[in-house]
Amino acid sequence: MGGSPVLVPYAAYLRVYEPLAAFPEPERTHWYRYAAAGAARTAQDELRQSLADLVPVPPVAVPVHESGDAFVAVVGGVTHVCPWRTRMRGWLALEHVGELLPEPVLDAMLPPVVRLQAAADHESWREANPDARPWIRSATWHVPVRWFVLVGDDEREYEPAGAGESKEPLLRYRTPMVQARRRVARALRVLKDALEEGPLIDGLIDVGRWLEEFHPRSLVELDYGGLVHVMGADRLLEDRSAADVAEGLAALREGDSAAAGEAYERLTDRWRAVREMQFAN
């Protein structure tokens, strides 16, 4: 492969970057030195390593050792890190992989004996680390609606291909943790008043609980990740999904169900078109 190949999966990411002060020693010193070394890593770097682990026979379902890498963001002079925790996330992903692939395909990629050993290793590790949680969540072929609740349209950052240092297109949002939590609380009040219990409310409650696990001075990042390569420049330029969600919530708050429905329809139509691309030749 030459240059900077585009790697699958087409996934979006929700990340939490915590300030160095949030980490206990000796981990704090590790991340301080890591950030000071300036070894910037990207989602493509992590993906390359994950794909490389599937090449051996038998494949490595979950890394043997936890990653010592992280994403780094310096905002307002404060260094924040988002640990990859690739091993932990690999275990969590294995719990749901059966929902994504037909059993014959799954068995060919990851034989049952490999999955059973990984599950046993995870159970043993979880008993020793009951409070562990990932700093990164991912979603393939779409961005969950609930993620857009956390951010505002004014926090949208878009760079077309060739504009940034990486030369890859970028679409992301970053917001302070306190703002993200506030938006979740407000949205839940509106949704519970206007709608019956359902997946949207349950999913937002789950995200809210996850955010509560982190330092209040953290940053929350919604990154379109690999989806930028399948959406194309025109779609990315026009995408205002966070604004659509905010508009829909505002309409529900005012009791205008018609306007809320229109905003939700724009959003679902946009992402349905993206998800349908996974079935294209």
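Residues numbered from 1 in each chain as written. Predicted model: local features only at pLDDT ≥ 70, side-chain atom pairs only at ≥ 80, totals over all residues. Heavy atoms only, no water.

Per an unreviewed UniProt entry, the protein goes by the name DUF8083 domain-containing protein and belongs to Actinacidiphila polyblastidii.

(A) Representation of the packing of helix α7 (residues 177-194) against helix α10 (residues 241-253) within the structure. Viewed as axis vectors pointing N to C, α7 and α10 meet at an angle of 55°, and their least axial separation amounts to 9 Å. With respect to each other, α7 and α10 are oriented oblique. As for the relative orientation of α7 and α10, their crossing is left-handed in sense. Listed contacts from α10 to A187, V190, L191 and A194 of α7 are L249, L252 and R253. Per-class residue counts for the contact of α7 with α10 are six nonpolar, no polar and one charged. (Axes fitted to C-alpha atoms, helices over the stretch in contact; angles between N-to-C directions. Helix = DSSP H or I, 4+ residues; strand = E, 2+ residues; numbered from the N terminus. Parallel < 35°, antiparallel > 145°, perpendicular 65-115°, else oblique. Left-handed = near helix turned anticlockwise from the far one by under 90°. Contact = heavy atoms within 4.5 Å. Nonpolar A, V, L, I, M, F, W, Y, C, P; charged D, E, K, R; others polar.)

(B) Main features of the pairing of strand β6 (residues 170-176). Of all seven residues in β6, five are buried, a share of seventy percent or more. In terms of strand pairing, strand β5 (residues 156-159) meets β6 through four bridges, oriented antiparallel. Its bridge partner being in β6, E159 is matched across the sheet by L170. Sheet topology note: the β6/strand β7 (residues 219-223) ladder contains five bridges and is antiparallel. Pairing of P176 across the sheet is with L219, part of β7. (Buried < 20%, exposed > 50% of the residue type's maximum accessible area, 1.4 Å probe, protein only. Pairing = 2+ DSSP bridges.)

(C) Fine view of the nonpolar core. In terms of nonpolar packing, the biggest core is built from 56 residues, with V143, F148, L150, L211, L222, Y224 and W271 touching the most fellow members. Broken down by element, this core gets its largest block of residues, seven residues, from α7. Setting aside anything within four residues of it in sequence, one finds Y224 in contact with A11, A12, V143, F148, L171, Y173, M231, L236, D239, S241 and W271. (Core = buried A, V, L, I, M, F, W, Y, C linked by side-chain atoms within 4.5 Å.)

(D) Here's a closer look at the side chain of E221. Summarising the element assignment, E221 is placed in strand β7. In terms of polar contacts, E221 uses its side chain to reach the side chain of R15, at 2.6 Å. A distance of 3.1 Å separates a polar atom in the side chain of E221 from a polar atom in the side chain of Y17. When sequence neighbours within four positions are dropped, the list of residues in contact with E221 reads Y13, L14, R15, Y17, R172, Y173 and R174. (Polar contact = N/O pair within 3.5 Å; in protein donor to acceptor, adjacent residues only side chain to side chain.)

(E) Up close: the confidence of the model for the protein. Mean pLDDT for the protein: 84, with 76% of residues reaching 70 or above. Confidence, read as mean pLDDT per element, is least for helix α2 (residues 43-52) in the protein (61) and greatest for β7 (98). Note on residues 1-8: pLDDT is under 50 here. Beyond four places in sequence and across chains, it has 12 contacts. (pLDDT = per-residue confidence, 0-100.)

(F) Highlighting the packing of aromatic side chains. Overall, the coordinates contain 11 aromatic pairs when judged by the stated rule. Relative to W135, the ring of F23 has its centre 6.1 Å away and its plane inclined at 20°; by these criteria the two rings are stacked. With F23 in the loop between β1 (11-19) and α1 (27-37) and W135 in the loop between α5 (112-128) and β4 (136-140), this pair connects stretches of sequence that are 112 residues apart. Overall, W135 belongs to the buried group, its relative accessible area being 6%. Taken together through their ring pairs, the aromatic side chains of F23, W31, Y34, W135, W210 and F214 make up a single cluster. Above the plane of the ring of F71 lies R15, whose end atom (NZ or CZ) is 4.5 Å from the centre. One Lys or Arg, R174, reaches over the ring of Y17 and ends 5.2 Å from the middle of that ring. (Phe/Tyr/Trp six-rings, centres within 6.5 Å; stacked < 30°, edge-to-face > 60°. Lys NZ or Arg CZ within 6 Å of the ring centre and 35° of its normal.)

(G) Representation of the environment of T140 within the structure. Its place among the elements puts T140 in strand β4. The exposure class assigned to T140 is partly exposed, which follows from its relative accessible area of 36%. A C-alpha to C-alpha distance of 4.1 Å links T140 and A11, two positions 129 residues apart in sequence.

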